[in-house]
Amino acid sequence: MKQLICILLLFLVSETRSFDLIIDEIPDDLENLFDLEVDGFLSKPMMRNGRYQRSTLNDEDSGESVAGDDKISIYSYKVQSTITSRVVDTMIQSKVENKAKHAQNLVFDVQIPKGAFIHNFTMNINGITFTSSIREKSAARQQYAQARAKGKVAGIVRALDMENFKAELNVPGGMKVQFEIHYQEMMRRKLGSYEFIIPLQPGRLAKHLEVDVRIIEPQGLRYVHVPNSLGDHFAGITTISKGEKKAHVSFKPTVAQQRKCPTCSATAVDGNFVVTYDVQRETKAGELEIFNGYFIHYFAPDNLDPLPKNILFVIDVSGSMWGLKMKQTVEAMKTILGDLRPDDHFSVVDFNHNVRTWRDDLVAATASQKEDAKKYIQEIHPNGGTNINEALLRAIFILKEASNLGMLDPNSVSMIILVSDGDPTVGELKLTKIQKNVKQNIPEDVSLFSLGIGFDVDYDFLDRLAHENHGMAQRIFGNQETSSQMKKFYNQVSTPLLKKVEFNYPQGSVSDVTQNSFDNYFGGSEIVVAGKVDADNVQHLQSIITATSSNAELVLETLADAEGLDDFLKKEPHADPKFTEKLWAYLTINQLLAERNLAPTAALKRNLTRSILQMSLDHHIVTPFTAMLIENPERNERMLADSPQDQKRGCCPGTLGVASNDPDNSIPPWAKPTPVTKPPLSALKAPTVSTRITSVDNDPHFIIHLLKSQENICFNIDSEPGKILNLVSDPDSGIVVNGQLTGAKKHENKKLSTYFGKIGFYFKNKGLKVEVSTEMITLKDGSYSTALSWSDTGSIIRKRLLVSVKKDRSVTITVDTEMSFMVLLHRVWKNHPVNVDFLGIYIPPTNRFSPSAHGLIGQFMSEPEVHIYNERPSQDPEKPEATMAVKGHKLTVTSGLQKDYRTDHVFGTNVHCWFVHNSGKGFIDGHYKDYLVPHLYSFLKNP
């Protein structure tokens, strides 16, 4: 077997250019191939040959222990932030020691504010310092892959959706580790103030816990406030020192103050540390700041009369909004409607699988109309699917009709506010098509704002939809705070003060200016423009702003001295001397990313990608096109911090914790069932689990897990040996999964049982085919073919497709870390008179197929609305019946148990489900024979 592994490693090194290995979501089976914890850095004695750097984490740091039962001790947890004229640099540092005698998995998990850029990470392990560098993503992945193939991988680092940074190490007993991460962000003014949030979740007691925030604002500080966001437990601990232009905030709770109770070993520090402030403003034309060859123009006028609004509220009332979400939405809407001004015009569009309007045209926001709209919303009862496309087009039509009829004030601001908690399930399902429809129909002077409730919604889609139509998006957490979050968001856009705002600067004096034309300015916010200035030849910089207010066309002028800030900033030791450059880079990169999303041609998109990449490398920050390579001084031990696709679901709190010492690495995370509450009449004696996954196993038994309704629906397919059933056919993604049936050795009770003897996977875009049979696993790439045996554990990687075999148990296929499939092998006694070897397949719900996916399993990736009711006893007292309404049918279904073999490979684990009779008739589209295909890699025709 060692010879086989060596051959595979040589193959992987020679094929480095044909695939990328990403540290995010490493299949656990790779430990058998690469021996991460045996031959890698963490399990070997540390070499100390003088060339390694030494950190301050040494024996001097030892002191009174705050170690928990697991013997993990946080010596210190420090957060240091410096805000220089709205530009924030934050450092989070944690010093930890494993005081146990055995190795433990230590996790450093830090929540990064949305929109922030990570620019540095270091890690010191017993005096050996790992430092980071920013590389082009594919180059960093290739270097990491080379190190990984040689067993030179020190641990796991993940950057999850750019908002959670996670480092994981297996730490030997007695070892000390120091983590340190740096990120930068820009303060955005909302509702009249800047709110600086530090997620503070160390996860356990720390001997030294400290938050240190310094604010330097050349404009001058109006106020600095620290709300009691961590709770009354920490009242009076924070200190604030404020001067005219700078302030210092310090939070240093002792170990005793950190405890939840005097005798508790758990920490009470778990939440957000918040600092709010605002600056002095003297002129309506804003503040021009020039320093080190860059200028920043801050513009936030007030004392202006609001512009009238024309506003369409588009509200999702599908079945998934039932309960708390709808109750909170109604509460928020009643307040929002009450806040509309007399010169505003509005209407309400609500949608599920159908689209309704409270009024077919815009009406004035009189007291009676607002009360009538409140009553309409109060009487909404959520049900049905989600038709986002038609709802938005209806709202756009209403605004266009009002404009064509001359109903709109020329100085008014028009907007649509979309509230939804899920992806489209009715009408147009393709997200790119919905974006195109909206973009083609929405007038240029209309802004679209999106509110995504919860984590089932595709927030990336809502964000793109808003930004390409002059708006913005926000995720709303579906909890008791939904109403207040919605009202707070609305308040940000409820007071338009200016429209058509243009910033102008003298040609020849400035260059590389960021966006300088804006559709609207809302009260309480701030517009920021930045650029390069020829400081050697410019003594003063003039700007002219033009804008439309409620009663005039404004022309605002301001003049700034090119050296006006030099004396103050150069004497201030905590000020960031590169704050102007960093803010310019931050705005420019975000602007380029937005332009790239909207690029009409591939050539323009490539040019923008090159510009973003170069900016990222020049300014040493992690963006979607770069990755952070983390290395020791010898550059022979590496980790990779990468940013995978944005995920719908929320992630991790910023905690420092200890993972299980002996994790079950045989099962991918998505394949681990979790207990759930059973239905009332179907409470059965045997233990049950939730599949939370769709599977086909045994004779063949289909288990379809419906995420939204949290129900498992089961059916069997009775066909003939040799027939090939299509499970997934996704022509847009180029993916096919088919299963070929094999028969038992003889009939029993006049019935011949059938099972899957072969399962074929075709990844058309990669040109790869994988055939899994009960004899072997074969990977085909054109004329190239290689095979793995069930009798050994091994892996094959080609074109970023990984096939990992667990001896005589399972094979996992991972595609670009974005999709996974697990096939289980069921062996029987070879001399069994009836049974034969067979396969089962398990597909996780996180696989993101396109809306065109079909097949016996694929059709349920776009989940149908299912309503199960009238649950009643049947002739079998252990199997109650119910009526299931689905796809226009009313079916009689039976409560029962099926087997999930992922955790118990021999006996299986009971899974409760509602069984649909007659080969799934009424639940699947058409007849099961419609899913028969001629070959193992055939797409389904005309589903």
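Analysis parameters
- Residues numbered from 1 in each chain as written.
- Predicted model: local features only at pLDDT ≥ 70, side-chain atom pairs only at ≥ 80, totals over all residues.
- Heavy atoms only, no water.
- Helix = DSSP H or I, 4+ residues; strand = E, 2+ residues; numbered from the N terminus.
- Buried < 20%, exposed > 50% of the residue type's maximum accessible area, 1.4 Å probe, protein only.
- Contact = heavy atoms within 4.5 Å.
- Areas by Shrake-Rupley, 256 points an atom, 1.4 Å probe, with all protein chains shown as cover.
- Axes fitted to C-alpha atoms, helices over the stretch in contact; angles between N-to-C directions.
- Left-handed = near helix turned anticlockwise from the far one by under 90°.
- Arc of directions from axis to C-beta.
- Polar contact = N/O pair within 3.5 Å; in protein donor to acceptor, adjacent residues only side chain to side chain.
- Core = buried A, V, L, I, M, F, W, Y, C linked by side-chain atoms within 4.5 Å.
- Disulfide = S-S within 2.5 Å.
- Pairing = 2+ DSSP bridges.
- Salt bridge = Lys/Arg side-chain N within 4 Å of Asp/Glu carboxyl O.
- Phe/Tyr/Trp six-rings, centres within 6.5 Å; stacked < 30°, edge-to-face > 60°.
- Lys NZ or Arg CZ within 6 Å of the ring centre and 35° of its normal.
- Expected span 1.5 Å × (residues − 1).
- pLDDT = per-residue confidence, 0-100.
- Parallel < 35°, antiparallel > 145°, perpendicular 65-115°, else oblique.
- Nonpolar A, V, L, I, M, F, W, Y, C, P; charged D, E, K, R; others polar.

### As for the overall build of the protein chain
Helices and strands together make up the secondary structure of the protein chain, namely 15 helices and 51 strands. Within the protein chain, buried positions represent 56% of all 943 residues. Long-range pairs, those at least 24 residues apart, make up 68% of the contacts in the protein chain with a sequence separation of at least 6. Total accessible area on the protein chain stands at roughly 40,200 Å², and carbon and sulfur atoms take up 48% of it.

### Quick word on the environment of S483
On the secondary structure map, S483 appears in helix α10 (residues 482-493). Taking the C-alpha atoms as reference, S483 lies 8.1 Å from V330; in sequence the two are 153 residues apart. What S483 contacts, discounting residues up to four positions off in sequence, is Q328, E331 and A332.

### A look at the packing of helix α5 (residues 324-339) against α10
Following both chains from N to C, one finds α5 and α10 inclined at 35°, their axes separated by 8 Å at the closest point. For the pair α5 and α10, the crossing hand works out as right-handed. Of α10, the residues touching α5 (which contributes Q328, T329, E331, A332, T335 and I336) are T482, S483, M486, K487 and Y490.

### Notes on helix α9 (residues 459-467)
Listed as buried for α9 are Y459, F461, L462, L465 and A466. The buried residues of α9 all sit within an arc of 160° when viewed along its axis, so they share a single face. Buried-residue contacts for α9 involve α7 (388-404), β22 (413-420), α8 (431-441), β23 (446-453) and β24 (473-476). Backbone nitrogen of D460 and a side-chain oxygen of the N-cap are separated by 3.3 Å at the start of α9; the cap is D458.

### Re the nonpolar core
In this structure, F761, V770 and F923 are the most contacted members of the largest nonpolar core, which totals 62 residues. Aside from chain neighbours lying at most four places away, what touches F923 is I704, I713, F715, Q859, F860, M884, V886, K887, L891 and V916. Core analysis: the second largest hydrophobic core is formed by 59 residues, Y183, V213, F251 and Y277 among them.

### Side note on the state of the cysteines
Scanning the entire structure with this criterion turns up two disulfides. Across a sulfur-sulfur distance of 1.8 Å, C261 and C264 are joined as a disulfide pair. Taking the torsion about the sulfur-sulfur bond, which here is approximately 95°, the covalent link between C261 and C264 counts as right-handed. For C714, the disulfide goes to C913, at an S-S distance of 2.1 Å. Between C714 and C913, the S-S torsion sits near -130°, and that sign places the bridge as left-handed.

### Notes on the sheet that holds strand β10 (residues 193-200)
Strand order in the open sheet formed by four strands is β9-β10-β15-β12, with antiparallel pairing between adjacent strands. Of all the strands in the sheet, the pair left with one neighbour each is β9 (189-190) and β12 (221-225).

### Topic: the pattern of salt bridges
Per the stated rule, a full pass over the model turns up 31 salt bridges. Measuring nitrogen to oxygen at the nearest pair gives 3.8 Å for the salt bridge that ties K430 to D732. Here K430 is found in the loop between β22 and α8, whereas its partner D732 is found in the loop between β37 (724-730) and β38 (735-743), with 302 residues between them in sequence. Among the residues examined, K430 registers a relative accessible area of 38% and is labelled partly exposed. By relative accessible area, which is 45% here, D732 ends up partly exposed. Between K758 and E771 there is a salt bridge, with its nearest N and O atoms 3.8 Å apart. With K758 in strand β39 (residues 754-763) and E771 in strand β40 (residues 768-773), the pair connects residues that are 13 residues apart, well separated along the chain. Salt bridges sharing partners connect three or more residues here, namely R86, R189, E217, R222, D278, R281 and E526.

### Brief notes about the packing of aromatic side chains
Counting across every chain of the model gives 25 aromatic pairs. The interplanar angle of 50° and the centroid separation of 6.3 Å between the aromatic rings of F313 and Y490 together place this pair among those described as tilted. Taken together, the residues span a long stretch of sequence, with F313 in strand β18 (residues 309-316) and Y490 in helix α10 at a distance of 177 residues. Here the two residues F313 and Y490 agree in accessibility, since each one is buried. Every member of this aromatic cluster is reached through a ring pair, and the members are F299, F503, F518 and Y521. Here K769 stacks its cationic end above the ring of Y762, 5.3 Å away from the centre of that ring. For the cation-ring pair, K887 lies above F923, with the distance from its terminal atom to the ring centre recorded as 6.0 Å.

### What to know about helix α13 (residues 602-618)
With 17 residues, α13 should cover 24 Å at 1.5 Å per step; its first-to-last C-alpha distance of 24 Å lies within 8% of that length. Within the span of α13, buried status applies to L608, I612, L613, M615 and S616. One side of α13 holds all its buried residues, which, seen down the axis, span an arc of 165°. Among the exposed residues of α13, those oriented more than 90 degrees off its buried face are R610 and D618. H620, located one to two residues past α13, shows a positive phi value of around 55°.

### Notes on the pairing of β38
Of all the nine residues making up β38, seven are buried; the element is thus mostly covered by neighbouring parts of the structure. Pairing of β37 with β38, which is carried by six bridges, proceeds in the antiparallel orientation. Paired with V728 across the strands is V737, a residue of β38. Linkage of β37 to β38, two consecutive antiparallel strands, is achieved through a turn of four residues, within which G734 is found at a positive phi near 70°.

### Looking at the confidence of the model for the protein chain
Predicted confidence across the protein chain gives a mean pLDDT of 81, with 84% of residues reaching 70 or more. Confidence scores differ between elements of the protein chain, with helix α1 (residues 2-14) showing the lowest mean pLDDT of 30 and strand β14 (residues 246-251) the highest of 96. Low confidence marks residues 644-691, where pLDDT is under 50. Its contacts with residues over four positions away, or in another chain, come to 134 contacts.

### With respect to the sheet that holds strand β30 (residues 553-561)
An order of β27-β25-β29-β30 is seen for the four strands of this open sheet, with the pairing classed as antiparallel. Here the strands that pair on one side only, and so sit at the sheet edges, are β27 (517-522) and β30. When the angles between neighbouring strand axes are averaged without regard to direction, this sheet yields 30°. Taken together, the nine bridges between strand β29 (residues 540-548) and β30 define a ladder with antiparallel strand orientation.

### Looking at the environment of N765
Note that N765 resides in the loop between β39 and β40. Through-space distance from the C-alpha of N765 to that of S733 is 7.7 Å; in sequence the pair is 32 residues apart. Setting aside residues up to four positions removed in sequence, N765 forms contacts with S733 and G734. A polar contact of 3.1 Å, which involves the side chain of N765, links it to the backbone oxygen of S733.

### Side note on the side chain of K137
If you trace the backbone, K137 turns up in helix α3 (residues 137-149). Classification of K137 by relative accessible area gives buried; the value is 10%. Here the side chain of K137 touches P624 through a polar contact of 3.0 Å, landing on its backbone oxygen.

### Thoughts on the side chain of D350
Secondary-structure assignment places D350 in strand β19 (residues 345-351). Within the structure, the side chain of D350 is placed 2.4 Å from the side chain of Y376, a separation counted as a polar contact. Those residues in contact with D350, other than ones at most four positions away along the chain, are I315, V317, V355, R356, T357, Y376 and I380.

### Re the packing of α5 against helix α6 (residues 367-378)
Here α5 crosses α6 at 170°, and the two axes come no closer than 9 Å. Taken as axis vectors, α5 and α6 run roughly antiparallel relative to one another. The segment α5 lies against α6, with V330, M333, K334, L337 and G338 engaging K370, A373, K374, I377 and Q378. When the residues that make up the contact of α5 with α6 are grouped by side-chain class, the tally is five nonpolar, two polar and three charged.

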